[in-house]
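Examining the three-dimensional arrangement
Spelled out, the chains give:
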There are 2 protein chains.
Amino acid sequence: MIQKLIENIKKTNAPIVVGLDPMLSYIPEQIQKTAFAEYGETLEGAAEAVWLYNKKLVDAIYDLIPAVKPQIAMYEQFGLPGLTAFKKTVDYCKEKGLVVIGDVKRGDIGSTSAAYATAHLGRVAVGSQMLTPFGEDFATVNPYLGTDGIKPFLDVCREEKKGIFILVKTSNPSSGEFQDRLVTGAVGEHGTDGKPLYEVVGEKVAEWAASCMGDTYSYVGAVVGATYPEMGKVLRHVMPKSFILVPGYGAQGGKAEDLVHYFNEDGLGAIVNSSRGIIAAYKQEKYAAFGAEHFAEASRAAVVDMIEDINRALEQRG
Amino acid sequence: MIQKLIENIKKTNAPIVVGLDPMLSYIPEQIQKTAFAEYGETLEGAAEAVWLYNKKLVDAIYDLIPAVKPQIAMYEQFGLPGLTAFKKTVDYCKEKGLVVIGDVKRGDIGSTSAAYATAHLGRVAVGSQMLTPFGEDFATVNPYLGTDGIKPFLDVCREEKKGIFILVKTSNPSSGEFQDRLVTGAVGEHGTDGKPLYEVVGEKVAEWAASCMGDTYSYVGAVVGATYPEMGKVLRHVMPKSFILVPGYGAQGGKAEDLVHYFNEDGLGAIVNSSRGIIAAYKQEKYAAFGAEHFAEASRAAVVDMIEDINRALEQRG
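Heads up: these notes are all about the structure in this document. (Residues numbered from 1 in each chain as written. Chains lettered and ligands numbered in written order. Predicted model: local features only at pLDDT ≥ 70, side-chain atom pairs only at ≥ 80, totals over all residues. Heavy atoms only, no water.)

What to know about the overall build of chain A
The number of helices and strands found in chain A is 13 helices and 12 strands. A globule of 318 residues ought to have a C-alpha radius of gyration of about 20 Å, and chain A, at 20 Å, matches this closely. Relative to its 318 residues, chain A shows a buried fraction of 65%. A separation threshold of at least 6 residues defines the contact pool for chain A, and within that pool the share at least 24 residues apart is 71%. Of the roughly 11,200 Å² of accessible surface on chain A, a fraction of 51% belongs to carbon and sulfur atoms. Averaging the positions of the 32 positive and the 40 negative side-chain charges in chain A gives two centres separated by 2 Å. (Helix = DSSP H or I, 4+ residues; strand = E, 2+ residues; numbered from the N terminus. Rg over C-alpha atoms; globule rule 2.2 N^0.38 Å. Buried < 20%, exposed > 50% of the residue type's maximum accessible area, 1.4 Å probe, protein only. Contact = heavy atoms within 4.5 Å. Areas by Shrake-Rupley, 256 points an atom, 1.4 Å probe, with all protein chains shown as cover. Lys, Arg positive; Asp, Glu negative; His and termini not counted. Charge placed at Lys NZ, Arg CZ, Asp CG, Glu CD.)

Laid out in structure tokens, this is it:
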């Protein structure tokens, strides 16, 4: 699937991913009305609104982008109907030829991580059948539990040719609280590295990545926030074979100029995410002229601008 | 909800929780046959088998225990039908008066953590309605993203009087890979603590806990594995007002004697989980005489033995 991601990026000349993270407050009133008219003000109604919104968005932008990243929390908040909308969105985006990154940030002890890996990237045995539970192409994974929480994902990635992005340095303001701590070794060890934890995690990602190689890049990527560009520059070198999924561009404050060092010399190796900045573009002054009824066209314009912004920065890098 | 947990523990004299983590391989063939006969070898069939199994288990043990902890990964692996079985299990256990700890290990940046908190502990606004997505009483949470990933959970806990257990030191073999690293401060700071990361996380849990107090214990608890008793002893003192959820007893190797220091002097403050050791008891030599058809009675016997084992150790502690 890493090959397909690379092919899609080359085809579209767009190293970006659109985060499908719908909030009801983003969804134009007319769509909500249509959904509530059919299902009432219920979880089903909310999920239908989300699905109608996503479908229009995807129809308007799928030819411009290589991948989408639905954030499952935004669907989970609408319970089972919400997760049904998640699954419909995954399936629809795959039909449209997009790579689907399930932003699920799962991670647990071994046998439980195996179940999560199966749920999102694999197939489950039921009697004599092998069935696909959610079927994303990539998933995001939390590393706090260490290697035996990651290994089941690696096994499924190899078997299914899927991929993961492991949280290394997240984009949020307090990500440094634990991730930036300087570490000096483990209990009972004498280590004097003095490296920040995110770098230690990055080194493990590089190890895991080496064990799961595609043709040029690994099935194992990393998440590094756009909001910490100096750390991104270091981590690029720590994990040379990993694609970096970069959240935090746009709404969270990350700028294209800051992101050029997340890419390798081949122009690949990073994929920059924008969620709200694209899917709720019509709420920004810049795209307000489209109006709520043309929200999807506003999103298309925002995608065009984002691609231009990032490619311009990449061309200008030293 | 922390009050209800304490009441339930006192009523049953059982500081334990049963992990409802069904694998198809645990489910007696007769139940699988019944489910597959109705739904075929499909995700729906697997989910029905899980639900039939859970219901029999809960019916057999609910009067002995204060709480259950369904591990959502085991349901997610069967896709949407699996999550429907999760929701049915949550609802059924609540009907039976049990406290339900959703073992979901969620955690993300602020707005996304807010959606997860809503999904599992809160209510979501849909038009003029406030609806309950999954409705567990507690959820487990991953701290890797720091305070702004935790705060939305605290807000929902206060509002709904629900609770969380934050991963501090997990029970798995490689948990030390990052959690045991000695840390000395953050980048740009001069700190010379030299404490392991789990202790730093524990100190943050104590802070968060202090901001979310029930009558005697906080809404904010911690997860500390039974497999690291020395660390559990330290963490008990670091987080005096937090209940400790203790996985790793039984199948993973934790012994009752090792766990007494996870409790406070009041005999409260910890709740010991067993999953496979209870729900698949009939597969152990000790309970094999029950046979697969009486698996639920085997589980009841295993619950009685576990309660006795832990209470005996607590009585004998110095």
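A look at the interface of chain B and chain A
Of the residues lining the interface, 77 residues belong to chain B; the matching set on chain A comes to 77 residues. Where chain B abuts chain A, roughly 6,300 Å² becomes buried across the two surfaces, and 63% of that area is made up of carbon and sulfur atoms. For the chain B face of the interface with chain A, the top three residues by lost area are Tyr144, Phe178 and Arg181 of chain B, together amounting to 14%. The tally of links between chain B and chain A comes to 4 salt bridges. A salt bridge links lysine 105 of chain B to aspartate 108 of chain A; the shortest N-O distance between them is 2.8 Å. (Buried area = accessible area lost by both parts, 1.4 Å probe. Salt bridge = Lys/Arg side-chain N within 4 Å of Asp/Glu carboxyl O.)

Things to note about the sheet that holds strand β2 (residues 67–70) of chain A
Residue and element names in this part refer to chain A. Spatially, 8 strands are ordered β1-β2-β3-β6-β7-β10-β11-β12 in a closed barrel, and the strand pairing comes out parallel. Neighbour-to-neighbour, the strand axes of the sheet open up by a mean angle of 30°, direction not taken into account. Pairing between strand β6 (residues 138–141) and strand β7 (residues 163–169): 4 bridges, direction parallel. Looking at β7, one finds that valine 141 is bridged to isoleucine 166. The sheet strands contacting helix α7 (residues 147–160) are β3 (99–106), β6, β7 and β10 (220–224), and the helix crosses β7 at an angle near 150°. (Pairing = 2+ DSSP bridges. Axes fitted to C-alpha atoms, helices over the stretch in contact; angles between N-to-C directions.)

Focus: the packing of helix α9 (residues 197–210) of chain B against helix α10 (residues 229–238) of chain B
Angle between the axes and distance between the axes are the two parameters that describe a pair of packed helices. All names here are of chain B. Between α9 and α10, the shortest axis-to-axis distance is 9 Å and the interhelical angle comes to 30°. By the angle between their axes, α9 is roughly parallel relative to α10. Once α9 is placed against α10, the crossing between them reads as right-handed. Facing Tyr198, Glu199, Gly202, Glu203 and Ala206 of α9, the residues of α10 in contact are Met231, Val234, Leu235 and Val238. Residues of the contact of α9 with α10, tallied by class, amount to 6 nonpolar, 1 polar and 2 charged. (Parallel < 35°, antiparallel > 145°, perpendicular 65-115°, else oblique. Left-handed = near helix turned anticlockwise from the far one by under 90°. Nonpolar A, V, L, I, M, F, W, Y, C, P; charged D, E, K, R; others polar.)

Points about the environment of lysine 69 of chain A
All names here are of chain A. Residue placement: lysine 69 occurs in strand β2. The spacing of lysine 69 and leucine 83 is 14 residues in sequence and 15 Å in space, taken between C-alpha atoms. With near-sequence residues (within four places) excluded, lysine 69 lies in contact with Val17, Val18, Gly19, Leu20, Asp21, Ile101, Asp103, Leu245 and Asn273.

Looking at the sheet that holds strand β1 (residues 16–20) of chain B
Sheets are built from strands paired through backbone hydrogen bonds, the pairs being either parallel or antiparallel. Residue and element names in this part refer to chain B. As summarised here, the arrangement of the 8 strands in space is β1-β2-β3-β6-β7-β10-β11-β12, forming a closed barrel in which the pairing is parallel. Adjacent strand axes in the sheet meet at a mean angle of 30° when their direction is disregarded. In the sheet, strand β7 (residues 163–169) pairs with strand β10 (residues 220–224) via 5 bridges, with the strands oriented parallel. Bridge pairing links isoleucine 164 to valine 220 in β10. Contacts between helix α7 (residues 147–160) and the sheet are confined to β3 (99–106), β6 (138–141), β7 and β10, with β7 contributing the most and set at about 150° to the helix. Along the sheet, helix α13 (residues 295–316) contacts β1 and β12 (270–274); its crossing angle with β1, the most-contacted strand, is approximately 145°.

Some words on the relation of the copies chain B and chain A
Superposing chain B onto chain A takes a rotation of 180° plus a shift of 0.0 Å along the axis, which leaves an RMSD of 0.0 Å. The transformation just described matches what one would write down for a two-fold rotation axis. Among all C-alpha atoms of chain B, that of valine 183 of chain B lies closest to the rotation axis, at 2.1 Å. A symmetric contact is evident, with 100% of the interface residues of chain B recurring at the interface of chain A. (Least-squares fit on C-alpha atoms with pLDDT ≥ 70 in both.)

Here's the deal with the pattern of salt bridges
The final tally for this structure, using the stated rule, is 36 salt bridges over all chains. Of the charged contacts in the structure, one is a salt bridge between lysine 195 of chain B and glutamate 203 of chain B, with a shortest N-O distance of 2.6 Å. The class of lysine 195 of chain B is partly exposed, set by a relative accessible area of 24%. The shortest N-O distance in the salt bridge between aspartate 305 of chain B and lysine 286 of chain B comes to 3.5 Å. In this pair, aspartate 305 of chain B sits in helix α13 while lysine 286 of chain B sits in the loop between α12 (276–279) and α13, placing the two residues 19 residues apart along the sequence. Taken together, the salt bridges that share partners define one network made up of Lys69, Asp103 and Lys105 of chain A together with Asp108 of chain B.

Let's talk about the environment of glutamate 293 of chain B
Positionally, glutamate 293 of chain B belongs in the loop between α12 and α13. Sequence separation of glutamate 293 of chain B and proline 28 of chain B is 265 residues, and the distance between their C-alpha atoms is 7.1 Å.

Notes on the pairing of strand β2 (residues 67–70) of chain B
All names here are of chain B. What you see with β2 is no split at all: Ala67 and Lys69 on one side and Val68 and Pro70 on the other are buried throughout. Bridge count between β2 and β3: 2 bridges; the pairing is parallel. Bridging across to β3, valine 68 finds its partner in valine 100.

Comments concerning unusual backbone geometry
Residue and element names in this part refer to chain B. Backbone geometry at lysine 105 places phi at a positive 40°, although glycine is not the residue there. Structurally, lysine 105 can be placed in strand β3. A positive phi angle, close to 55°, is found at lysine 161, a residue other than glycine. Structurally, lysine 161 can be placed in the loop between α7 and β7.

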